[in-house]
Amino acid sequence: MIRLIADTLLSQVRTLWLVFLKLFKKKDTVEYPDQQPYMFPRWRGRIILSRDPDGEERCVACNLCAVACPVDCIALQKGEMEDGRWYPEFFRINFSRCIMCGFCEEACPTNAIQLTPDFEMAEYIRQDMVWEKEDLLINGTGKYHDYNFYRVAGKQIEGKDKGEALNEAPPVDVRSLLP
Amino acid sequence: MTLEIGSFLSIGLILGVVIVTAALLITVERRLLGFWQERLGPNRVGWFGSLQVVADMIKIFTKEDWIPPFADKFSFVIAPGIIMTVILLSFAVIPFAPNIGVIDSNIGVLFVLAMASLGAYSVMLGGLSSDNKYALLGSLRAAAQMVSYEVFMGISLLGVVALAGSFNMREIVESQVDGWYIIPQFVGFVIFLIAGVAESHRLPFDIPEAEQEICAGYHTEYSGMKFGMFFVAEYIGLVLISSLITVLFFGGWLGPALLPPILWFAIKAFAFIAFFILMRAAVPRPRYDQLMSYGWLFLLPLSLVNLLVTGVIILSMQ
């Protein structure tokens, strides 16, 4: 009984002493606006639309990002150019809904939509949280510098026929296989 | 106007300094808690966060002062006034320095204990009149806790009173010239410290207002300045308990002559305030039944034994 009481009291005193010593420890606080925290390159922040190395929009308006989005914050409309490429007529992200989950980036087949380490996106007017395509597009390739969807995909566009893409075998003439 | 016991200057000075100190403690406590949790605490308003208290004050003064329609209006309104009044009244008998004080009372210690008992009415009325289950639970807990911890809070002081031979706080301080009562009355000091924490319901004994269990306890329904009065009264209670410990066990204003007596008092009192904040940062809250059994089954017998041993030693020394 006395042993128990002594142990309990000693434990309390030890707790107080150890917590007191924390007065002299380095603090964990990062004083954010004065002192910028290190942002990891794969941080999921502000969403951008990248361009391919030739400077064309990567987005092919496949709608996979809009389907993957759990909060339905992405809206877009497919358009088609004369050379056969698809592109989004408009591409709209409502950042007041976006939860920065990165599912759109994972769903994107052309690496067009990417998340960046920027998070300072506060606005005073709610309508300003809706970003259009010209706000989202950047003049660069983002994280993937050499990737060009139309150069490697089998999709036929003007100036690139079936079978002419990188690493693509020429189309098989099924009739020549006949006996 | 001269600075002597009972002069208007002295009274005004004590009231002003106590209330301003209690308000400043809001900032001091938040900063110290931050440091002890390896954070920085509020440091952006003013120099190193010193104006945080002004921001808090503006906030609390401009908040809506709302009385719930289901509350018993009269007791709801007077409850915060009671606790503020009795705690400020307790400072009347505290001897801050040889020439600073309000009254030189022969029953100083008893007066403080009586005022502490009256403080229980405030939390009980506040909780009961709110007509809220959390407030009711909080005030039930507060009543039981304050009544039971008052018992041995008084008994633990009797050792000091017996040694000094007086209930007068000034005589208690003056009788400590040869040595502070912390040495002969160490057990009494520990018991008084614990009972003091329970009496001002600070952490770890803040069971009447335990946020995680019962919202804010007896002041759940309070807002605006009425809540502010409960809040500030808690800090004034902290200053009061620290002053009492300083006066009764640590020789009050006594100290080497290189500093004026009032500064010695302030330094000692602030050390205990910091210790109470450290307790808040370090020690977890006990369960309610643990608190009660700890008080009645351990601290009460201990304080009685302490009183008995002290009495035996005093008699045998004569």
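The structure displayed is predicted, hence computed values, not measured ones.

**Considerations on the overall build of chain B**
Scanning chain B from terminus to terminus reveals 11 helices and 0 strands. For chain B, the N- to C-terminal ordering of α and β elements is α-α-α-α-α-α-α-α-α-α-α. Taken over the C-alpha trace, chain B has a radius of gyration of 20 Å; the compact-globule value for 318 residues is 20 Å, and the two agree within 12%. Considered along the principal axes of its C-alpha atoms, chain B spans approximately 65 × 50 × 40 Å. For chain B, the proportion of contacts with a sequence separation of at least 24, taken over those separated by at least 6, is 76%.

**Considerations on the overall build of chain A**
From N to C terminus, chain A includes 5 helices and 5 strands. When the helices and strands of chain A are placed in sequence order, the string is α-β-α-β-β-α-β-β-α-α. The C-alpha atoms of chain A give a radius of gyration of 27 Å, which is well past the 16 Å a tight globule of 179 residues would have. Looking at chain A as a whole, 13% of its 179 residues qualify as buried. In chain A, the proportion of contacts linking residues at least 24 apart, taken out of those at least 6 apart, comes to 68%.

**Here we look at unusual backbone geometry**
Backbone geometry places A:Asn63, a non-glycine residue, at a positive phi of 75°. Mapped onto the fold, A:Asn63 is located in the loop between strand 1 (47-49) and helix 2 (64-68). At B:His201, a residue that is not glycine, the phi angle is positive and equals roughly 25°. Take B:His201: it is sitting in the loop between helix 7 (186-199) and helix 8 (211-214).

**Digging into the packing of helix 4 (residues 108-130) of chain B against helix 5 (residues 133-164) of chain B**
Residues and elements named next belong to chain B. For the pair helix 4 and helix 5, interaxial distance at closest approach is 8 Å and the crossing angle is 175°. Accordingly, the angle class assigned to the pair helix 4 and helix 5 is roughly antiparallel. Across the interface between the two elements, Val109, Leu113, Ala116, Ser117, Ala120, Val123, Met124, Gly126, Gly127, Leu128 and Ser130 of helix 4 pack against Ala135, Leu136, Gly138, Ser139, Ala142, Ala143, Met146, Val147, Glu150, Gly154, Leu157 and Val161 of helix 5. Of the residues assigned to the contact of helix 4 with helix 5, the class counts are 15 nonpolar, 7 polar and 1 charged.

**Looking at helix 11 (residues 288-317) of chain B**
Each turn of an α-helix holds 3.6 residues, which means side chains three or four residues apart point in the same direction. All names here are of chain B. An ideal rise of 1.5 Å per residue puts 44 Å on 30 residues; helix 11 measures up with 42 Å between its terminal C-alpha atoms. Approximately 35° is the largest bend angle found in helix 11, and it occurs at glycine 295. For helix 11, the full list of buried residues reads Leu291, Gly295, Leu299, Ser303, Asn306, Leu307 and Thr310. On its buried face, helix 11 sits against helix 5 and helix 7.

**Examining helix 4 of chain B**
Taking 1.5 Å per residue, 23 residues should reach 33 Å; helix 4 of chain B reaches 34 Å between its end C-alpha atoms and fits that length. One or two residues past the end of helix 4 of chain B sits B:Asp131, with phi positive at roughly 55°.

**Here's the deal with the interface of chain B and chain A**
Contact residues are listed per partner, giving 10 residues for chain B and 11 residues for chain A. Among the elements of the structure, helix 1 (8-36) and helix 10 (261-282) of chain B are those that each provide at least two residues to the side of chain B that touches chain A. Of the residues forming the side of chain B that touches chain A, the biggest block, 4 residues, is contributed by helix 10 of chain B. Tallied by class, the residues present in the side of chain B that touches chain A amount to 8 nonpolar, no polar and 2 charged.

**What to know about the packing of helix 9 (residues 224-249) of chain B against helix 10 of chain B**
Residue and element names in this part refer to chain B. Where helix 9 contacts helix 10, the two axes come as close as 8 Å, and the packing angle between them is 125°. When the axes of helix 9 and helix 10 are compared, the pair comes out oblique. Remark: the crossing between helix 9 and helix 10 carries right-handed chirality. Contact with helix 9, carried on its side by Leu238, Val239, Ser242, Ser243, Ile245 and Thr246, involves Phe265, Lys268, Ala269, Phe272, Ile273 and Phe276 of helix 10 and no other residues of that element. Here the residues of the contact of helix 9 with helix 10 sort into 8 nonpolar, 3 polar and 1 charged.

**Considering the environment of B:Arg30**
Residue and element names in this part refer to chain B. As for its position among the elements, arginine 30 is in helix 1. With 13 residues separating them along the chain, arginine 30 and asparagine 43 place their C-alpha atoms 9.8 Å apart. If we ignore the near neighbours within four places in the chain, the residues touching arginine 30 are Gly41 and Pro42.

**A look at the confidence of the model for chain B**
Per-residue pLDDT for chain B has a mean of 85; in total, 99% of the residues score no lower than 70. The ipTM, which scores confidence in the relative placement of chains, is 0.77 for this predicted complex, and the corresponding pTM is 0.79.

**Structural notes on the sheet that holds strand 3 (residues 86-94) of chain A**
All names here are of chain A. Spatial strand order, 2-3-5: 3 strands in an open sheet with antiparallel pairing. The open sheet has two free edges, formed respectively by strand 2 (74-80) and strand 5 (130-131), since each of these has just one partner strand. One ladder, built from 7 bridges, connects strand 2 with strand 3; its direction is antiparallel. In the strand pairing of strand 3, lysine 78 is matched with proline 88.

Definitions and cut-offs
Residues numbered from 1 in each chain as written. Chains lettered and ligands numbered in written order. Predicted model: local features only at pLDDT ≥ 70, side-chain atom pairs only at ≥ 80, totals over all residues. Helix = DSSP H or I, 4+ residues; strand = E, 2+ residues; numbered from the N terminus. Rg over C-alpha atoms; globule rule 2.2 N^0.38 Å. Contact = placed C-beta atoms within 7 Å. Buried ≥ 20, exposed ≤ 12 C-beta atoms within 10 Å, placed from the backbone. Axes fitted to C-alpha atoms, helices over the stretch in contact; angles between N-to-C directions. Parallel < 35°, antiparallel > 145°, perpendicular 65-115°, else oblique. Nonpolar A, V, L, I, M, F, W, Y, C, P; charged D, E, K, R; others polar. Expected span 1.5 Å × (residues − 1). Bend = angle between axes of the 7 residues up to and from the residue. Left-handed = near helix turned anticlockwise from the far one by under 90°. pLDDT = per-residue confidence, 0-100. Pairing = 2+ DSSP bridges.

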